[in-house]
Amino acid sequence: MTAGTGARGIPLDQLLEGIEGALVELPQVPAGGRRPVLGVAILDPDDEFGDHHGELVLVIGVRGRESLPFLRAAARNGAVAVAVKPGPSGAVAELAEAATEAGVALLAVRHGVRWDQLGALLRERLEAAELHAEVHHELPPGLVGARVSDSPGEELFALAEATALVTGGIVDIEDTGNRVLAYSRSDDAVDELRRLSILGWQGPETYMRMLREWGVLDRLRDGEHVVRVDARPELGIRARLAVGIRAGSRYLGTIWVQQRFSPAVVPFAERAEEALVGAARLAAAEILRRRTGAGPASGGAQLVELLTGRANTDLVAGRLGLDPAAGALVVGFAGPVESDAPARALHRDQVRAVVSVYATAYHRSALVGALEDRVYAVLSGVPESRIEPALPVWVRDVVDVARERTGLSWRAGIGSPVSGLAALPGARAEADRVLDALARAPGGAAVAAVATISELRAEMLLGEVVDVLAGRPELRHPGVAALLEHDRRRGGELVASLLAYLDALGDVRSAAASLHVHPNTLRHRLRRATAVSGMALDDPRERLSCHLQLVLVSRETRSPGRRR
């Protein structure tokens, strides 16, 4: 009996995210990898064997070794994976060996997990994956910043993942009846409370009763603040952070963050409580949208229109509840160029989710979206004369989380405040110039990860001048080309040595130290560079011209993949 299908399918490991470890174990995976699952089927001993091509088969009604014939039969009929209950005596090793021989993945379902609940959960995930593929296949390429709700809970699951990243914990999102709406996946061993919550899609009543007795639930309903719940080792329960999800005075649910344990207790992130407030605001907007039956959230698409100047500013501001004349600023986030397009899109979306949590915590009406490979946050209603001190703090937190999550050197550029939303295209261009200047700066990952335009004006001016020089090759001195050719033919270091000397303002000892050579060696190279190039380095203007051209050569050698 088929419980659900999806034409495109979903990889088994993705299907089991958040489930593996809590509800099932995966003791055996075929050497060929985790093939896509196209559907879920329930196999009862009384059923006749049928076609299970591409399906995950749940073998019910038998346990342990009694499952072996059905496991083998499902594999012969094309199953990708088979789920069984090992039984009280345990037969995992024997079942895993049989699964290996049959070429299917084995899922060992935990004791107490109900087959109907597991099947319903897997079916929901398959349907969400199918809808996700259909919706994104139809989206215009230019609207990569639009947020699309792929299923009733897709946005909340994505929010749970982002919240787990920024808090350093394991996240559940529950409604007012303590029913689980979404949760983050976890590679750690979860505590008994989380396991029971996911298993029953509801917080266990015994624990909820204790929370009521401790006054935790009253505090969560009382306002927008984070409540700490101490660990209860005797109950197998770890420490938690919690925040109420609210829309005005209306209580909509709770976000719970369990402390990790891997292999010892892992502290929450330094500013986990601040980030959790932002997550609660985003959750409130999504829960209200679902309850009212509104269409997909369109803030991301409207942000793209504002940043590109294609929008009617007053109209968009009215839709978003913003003052079109209020001060605003743009923060841009960018990672290195990646040739793998799917990986690039994944990393961009992960960073966008993290930016959303932090930006909303800092500024309730923040707009976050993506344009091409960059993520932007727009803050409206900010002072026009200055950047508030708290802004660079959370922006650095975003970059730290993005770097840790993706393993890539993400950076952030903060533009100057502007007067009104109509000036956002110019503000975005300014943030982009800061990002480009950070990418050009020597030192790679060692340079600052976050900067404002005021901190990089010299670098930006130099970049603009060098851009002109790059586009006008007829202005370049032929002596620089002669130096490059000399180094190419002889494996020399004349270009690098002359650039280091000019960067050091003519200080031979300092330049020699940066090159790890003796000062006399550098002096010899400088004399040789002058002879090869024919450039008069004692002339200030010619020295400046040479320096600019060598900066251009250095930039082209590094090829940071900056934008034009």
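Residues numbered from 1 in each chain as written. Predicted model: local features only at pLDDT ≥ 70, side-chain atom pairs only at ≥ 80, totals over all residues. Heavy atoms only, no water.

Engineer: How do you make sense of the pattern of salt bridges when you look at a structure like this?
Structural biologist: Close approach of charged atoms lets side chains of opposite charge pair. With the rule as written, the count across this model stands at 15 salt bridges. The partner of D432 in a salt bridge is R374, and the shortest N-O contact between them spans 2.9 Å. One end of the pair, D432, is in helix α14 (residues 424-440); the other, R374, is in strand β16 (residues 374-380), with 58 residues separating them in the sequence. Classification of D432 by relative accessible area gives buried; the value is 10%. (Salt bridge = Lys/Arg side-chain N within 4 Å of Asp/Glu carboxyl O. Helix = DSSP H or I, 4+ residues; strand = E, 2+ residues; numbered from the N terminus. Buried < 20%, exposed > 50% of the residue type's maximum accessible area, 1.4 Å probe, protein only.)

Engineer: How do you make sense of the sheet that holds strand β9 (residues 226-229) when you look at a structure like this?
Structural biologist: Remark on secondary structure: sheet strands pair via backbone hydrogen bonds, oriented parallel or antiparallel. Taken together, the five strands give an open sheet; going across it, the order is β8-β7-β11-β10-β9, and neighbouring strands pair in antiparallel fashion. In this open sheet, the two strands that pair with only one neighbour each are β8 (180-183) and β9. Strand after strand, the sheet turns through a mean of 25° between neighbouring axes, direction not considered. Two elements, strand β10 (residues 240-247) and strand β11 (residues 250-258), share eight bridges in a ladder whose sense is antiparallel. Bridging across to β11, A242 finds its partner in W256. (Pairing = 2+ DSSP bridges. Axes fitted to C-alpha atoms, helices over the stretch in contact; angles between N-to-C directions.)

Engineer: How should I be thinking about the packing of aromatic side chains in this particular structure?
Structural biologist: Working definition: an aromatic ring pair is given by the centre-to-centre distance plus the angle between the planes. The final tally for this structure, using the stated rule, is two aromatic pairs. Ring geometry for F157 and Y183: centres 5.3 Å apart, planes at 75°, overall edge-to-face. A residue pair is termed long-range when its members are at least 10 positions apart, and F157 in helix α5 (residues 154-167) and Y183 in strand β8 qualify at 26 residues. An angle of 40° between the planes, with centres 5.7 Å apart, marks the rings of Y362 and W394 as tilted. One end of the pair, Y362, is in helix α12 (residues 341-362); the other, W394, is in helix α13 (residues 390-406), with 32 residues separating them in the sequence. (Phe/Tyr/Trp six-rings, centres within 6.5 Å; stacked < 30°, edge-to-face > 60°.)

Engineer: Looking at this structure, I do not really get helix α3 (residues 92-102). What am I missing?
Structural biologist: Each turn of an α-helix holds 3.6 residues, which means side chains three or four residues apart point in the same direction. Every buried residue of α3 is accounted for by L95, A96, A98 and A99. Axial view of α3: buried residues confined to an arc of 160°, hence all on one face. The exposed set on the far side of α3, more than 90 degrees from its buried face, consists of A93 and E101. Phi turns positive one or two residues past the end of α3, at G103, with a value near 80°. (Arc of directions from axis to C-beta.)

Engineer: Can you walk me through unusual backbone geometry in this structure?
Structural biologist: Backbone phi values are negative for most residues with the exception of glycine, while trans is the configuration of most peptide bonds. Despite not being glycine, L505 shows a phi value in the positive range, around 60°. The topology assignment puts L505 in the loop between α17 (494-503) and α18 (508-515). According to the relative accessible area criterion, L505 is exposed, its value standing at 81%. A positive phi angle is found at H516, which is not glycine, with a value near 60°. Examined against the element boundaries, H516 turns out to sit in the loop between α18 and α19 (519-533). Exposure remark for H516: the relative accessible area of 75% places this residue in the exposed category.

Engineer: Looking at this model, I keep getting lost on the nonpolar core. Mind explaining?
Structural biologist: Soluble globular proteins tend to bury their nonpolar side chains together. In terms of nonpolar packing, the biggest core is built from 53 residues, with I255, F333, W394 and V395 touching the most fellow members. If sequence neighbours within four positions are ignored, I255 has contacts with V171, D172, I173, L241, A242, V243, I245, L276, A279, A280 and A283. One finds L26, L58, I60 and A105 within the second-largest nonpolar core, a separate group that totals 23 residues. (Core = buried A, V, L, I, M, F, W, Y, C linked by side-chain atoms within 4.5 Å. Contact = heavy atoms within 4.5 Å.)

Read these as spatial facts, not as claims about activity.
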